[in-house]
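Here are the chains, one letter per residue:
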Amino acid sequence: MAASLVFRLHDRGPEVVRDVLLERGWEEYDQEEREAEDWNLYWRGSAFHNSEYHNLLPWQRLNHHPKTVGITRKDCLARNLRRMRATFGSALYDFSPTAFILPNDYTRFLSEYNRLRVTRGPAAYWICKPVDLSRGRGIFIFEDIKDLVYDCPVIVQRYISEPLLISGYKFDLRIYACVKSFHPLTVYIHQEGLVRFATEKYDLSFLRNLYAHLTNTSINKFGPFYKAPKERVGQGCKWTMSKFRHFLHSQDINELLLWQGINNIVTLTLLAIAPSVPSCPNCVELFGFDILVDAALKPWLLEVNYSPALTLDCQADIAVKRGLVGDLIDLMNYTLVDGLRERAYRRQGFCLRANRPSHGPTAPVLPKFKETKCQKQRCGGRLPLLKTLRQPEKRNQRQPRRHASVADSQRRLPPVDSTQIRAAKHTHGDTTLNLIFGPCSRTNASVVSRRMYPALAPRLTDSRSLRGSEVTNHGDTETEADAGRPGEAGASSSTRDTPHGALGFRRSKLPNIHSGTHGPVRTTALKGRHVPPLRVGDFIRTFPFNAATLRASLQDLDVKMVLRELHKLTAQMATPGERWRREEEVEEEETDGEVDFDALLWGPKDPPLLSQCFKPT
Ligand code: ADP
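Note that the coordinates shown come from a computational prediction; the quantities given were computed from them, not determined experimentally.

Colleague: So what's going on with the overall build of the chain? Which residues, and what values?
Modeller: Counting its secondary structure elements, the chain contains 25 helices and 17 strands. Sorting the 617 residues of the chain into buried and exposed places 57% on the buried side. Across the chain, contacts joining residues at least 24 apart in sequence account for 71% of those joining residues at least 6 apart.

Colleague: Residues and numbers for the environment of P278, please.
Modeller: Looking at the element boundaries, P278 is found in the loop between α9 (255-273) and β14 (285-293). Since its relative accessible area comes to 9%, P278 is described here as buried. Sequence separation between P278 and H183 is 95 residues, and the spatial gap between their C-alpha atoms is 8.3 Å.

Colleague: Break down the site of the ligand for me, citing the residues and quoting the values.
Modeller: Around the ligand lies a shell of 24 residues, among which K129, G136, T215, N216 and E303 are the nearest. Residue D172 places a side-chain N or O atom 3.0 Å away from an oxygen atom belonging to the ligand. Between the ligand and E303, the relevant distance is 2.6 Å, taken from an oxygen atom to a side-chain nitrogen or oxygen of the residue. Residue assignment for the shell around the ligand shows that the elements contributing at least two residues are β6 (126-130), β8 (154-158), β10 (169-182), β14 and β15 (299-305). Residues of the shell around the ligand, tallied by class, amount to 9 nonpolar, 6 polar and 9 charged.

Colleague: Talk me through the nonpolar core; I want residue IDs and the actual numbers.
Modeller: One finds L173, F244 and L271 to be the most contacted residues of the largest nonpolar core, which totals 67 residues. The residues contacting L271, other than those within four sequence positions of it, are M84, Y93, L185, L557, V559, V562 and L563.

Colleague: How would you summarise the side chain of S611 if you had to cite specific residues and measurements?
Modeller: In this structure, S611 sits in helix α25 (residues 610-614). A distance of 2.4 Å separates the side chain of S611 from the side chain of D598, its partner in a polar contact.

Colleague: For the sheet that holds strand β3 (residues 41-43), give the residues involved together with the corresponding values.
Modeller: Reading across from one edge, β2-β1-β3-β4 is the order of the 4 strands in this open sheet, with parallel pairing throughout. The sheet is open, and its two edges are formed by β2 (27-28) and β4 (61-62), each paired on a single side. Where strand β1 (residues 6-9) lies against β2, 2 bridges are found, and the strand directions are parallel. Within β2, the residue paired with V6 across the bridge is E27. Helix α1 (residues 15-23) contacts β1, β2 and β3 of the sheet and is inclined by roughly 170° relative to β1.

Colleague: Any chance you could break down the environment of L102 for me, citing the residues and the numbers?
Modeller: Its place among the elements puts L102 in strand β5 (residues 99-102). Here the alpha-carbon distance between L102 and C128, two residues 26 residues apart in the chain, equals 9.6 Å.

Colleague: Break down α1 for me, with residues and values.
Modeller: Within α1, burial applies to V16, V17, R18, V20, L21 and L22. For α1, the elements touching its buried residues are β1, β2, β3 and α10 (315-332). Immediately downstream of α1, the backbone of G25 shows phi near 90°, a positive value.

Colleague: Kindly report on the pairing of strand β11 (residues 185-190), identifying the contributing residues and their values.
Modeller: Taking burial as the measure, the 6 residues of β11 include 6 buried ones, the bulk of the element. Across the two faces of β11 the burial is the same, with L185, V187 and I189 and T186, Y188 and H190 all buried. One ladder, built from 5 bridges, connects β10 with β11; its direction is antiparallel. The residue bridging A177 from the neighbouring strand is I189, located in β11. Hairpin connection from β10 to β11: 2 residues lie between these consecutive antiparallel strands. Pairing between β11 and strand β17 (residues 539-543): 4 bridges, direction antiparallel. The residue bridging Y188 from the neighbouring strand is R541, located in β17.

Colleague: I'd like a rundown of the sheet that holds strand β7 (residues 140-142), residues and numbers included.
Modeller: Read across the open sheet, the 4 strands follow the order β5-β8-β6-β7; overall the sheet is antiparallel. Two strands in the sheet have a free side with no partner beyond their single neighbour: β5 and β7. Strand-to-strand, the axes of this sheet are offset by a mean angle of 25°, without reference to chain direction. As defined by bridge partners, β5 adjoins β8 across 4 bridges and the pair is classed as antiparallel. Within β8, the position partnered with A99 by the bridge is Q157. Contacts between helix α4 (residues 74-88) and the sheet are confined to β5, β6 and β8, with β5 contributing the most and set at about 130° to the helix.

Colleague: An account of the pattern of salt bridges is needed here, citing residue identities and associated values.
Modeller: With the rule as written, the count across this model stands at 25 salt bridges. K146 is paired through a salt bridge with D147; the nearest N and O atoms lie 4.0 Å apart. Classification of K146 as exposed rests on a relative accessible area of 63%. Using a relative accessible area of 39% as the deciding quantity, one classes D147 as partly exposed. Within this structure, R12, E15, R18 and E28 form a network of salt bridges that share partners.

Colleague: Account for unusual backbone geometry, with residues named and values stated.
Modeller: The step from L102 to P103 runs through a cis peptide bond, and the omega angle for that step is 15°. Note that the residue after F543, namely P544, is joined by a cis bond; omega there is 0°. Relative to the helices and strands, P544 resides in the loop between β17 and α22 (547-552). One non-glycine residue, K67, adopts positive backbone phi at about 55°. With respect to the helices, strands and loops of the structure, K67 is situated in the loop between β4 and α3 (69-72). With a phi close to 65°, R232 is a non-glycine residue in the positive phi region.

Reading the values: rules and limits
- Residues numbered from 1 in each chain as written.
- Predicted model: local features only at pLDDT ≥ 70, side-chain atom pairs only at ≥ 80, totals over all residues.
- Heavy atoms only, no water.
- Helix = DSSP H or I, 4+ residues; strand = E, 2+ residues; numbered from the N terminus.
- Buried < 20%, exposed > 50% of the residue type's maximum accessible area, 1.4 Å probe, protein only.
- Contact = heavy atoms within 4.5 Å.
- Near = heavy atom within 4 Å.
- Polar contact = N/O pair within 3.5 Å; in protein donor to acceptor, adjacent residues only side chain to side chain.
- Nonpolar A, V, L, I, M, F, W, Y, C, P; charged D, E, K, R; others polar.
- Core = buried A, V, L, I, M, F, W, Y, C linked by side-chain atoms within 4.5 Å.
- Pairing = 2+ DSSP bridges.
- Axes fitted to C-alpha atoms, helices over the stretch in contact; angles between N-to-C directions.
- Salt bridge = Lys/Arg side-chain N within 4 Å of Asp/Glu carboxyl O.

Take a look at the structure:
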């Protein structure tokens, strides 16, 4: 009997995550009913404790990677981008407005302020933001230093004073980027996103009007014009990204450069912390990148949000966020059946069906099993009575009791033996926190790609390529019998950074999280290297984007090489029609067996393959 997948929400939110998961047949964790380890996904808006990362079991996932504050706090982001600029030059790292962290950088700010006053006259504007506040709180814009007053750590940033306007209204873009893994770096950006408008017309002569200068919904929804129909913008203050694409088309704007610019910003920002984020393959994270586009169509990074809001305030929210969360779940690639958790429990000697306290003629036969020490302690030597059975009155009333008998048996999972837990945990130097059996959704990755991209069909219908794009393990490949097979163990996951043997982790003891009937799937593209799918739902893989960046991310991330590739790509974008790769290079790659690797250009309505963008017209 298969156990349902179980999610845990901290502080009961976000509602949209609950709705999407319940719709998909997941069950919500209830600590009165379930063992402490009996869940698959833990979602919280705030950070997890270190111990929560260290105690993760192989079937459990968290919605945050550890130590990403380096980009999600305004001062850390400014510091990290400054460091990257100093190390790698400003040719690529020119996308964030100059920033000073006060009070520390006050002298430096003062000299820049004075320099600009001399060179530009008084028309240089600054924006002051508290470093650890969000939603526009405490922000103000100033031109004259005498208006700079602060009583907490702030960053003072050059104000982008000539933003692109739509009918006179300022807006910014909320881009949703999912880091599926930091080791190797694997990034997806969602095709949908939000455009957030100020609700009063932009006017530099009135800097104190936050309804004209800030695009935060949390501010504008209290503005006097929020509900009023505004020229072209309409009511409210949000558009979907699709609507923004229509707008770009209607203006005859060459959007490819803009999208690629945003792609670059996401990658370059993540590169600033990727080498220092501990490897935790059980984690996935959705970041909200706030991008302001200026009148010259240059995108600027304003900030990176740690837990982008998932509240559904308006139609645009509903249109974007439900799909976003659904695709995120697909990206995590839970199969319908939680084979790993179930089998780990079974290995304790329990049979789910056998634990059902039924006395009728259909009562399953109790297997002969040996109780572990831990179970004996918990159960006092008797058959394990689970919390569900002991406390039926405490059942979570919110959840409809669908499939009652299935749910009952699922809840009667025995406690996990602590020795098993210990066997499942391991460390990898200082930086690896845990092991996951890595994921890629067969359906979502390749079937969707084939449907959406007829150009790829020949590749995808080739069984080798299909498997290459499916990428990871399906089926019961991680049984004791399979575990030692050369060439197959590595196909199980995105965990090439966690050499299993070296970790002292006995993979054979824990089954694969993806149960099914398929045999082991070997990655075929790139000589057996693991290639994450091009697209999962509306998530487009943006990193790695070619064979070189895949190689650069395989061991320790080679940031220099990635930057070289980004540089090449950007230059190529700027001169369309020019052949990107020299013939010899293509041949080299072909003989290297790596010609199959490609990526889609995130952004346009029907994202083209990157290689198609550069072919001579
Ligand atoms: P918060 O975390 O409080 O939302 P942000 O950095 O996102 O802080 O700033 C809030 C809003 O202020 C942005 O959505 C944008 O409209 C505006 N803003 C922030 N920084 C700048 C800037 N450098 N130039 C122009 N507008 C900015």
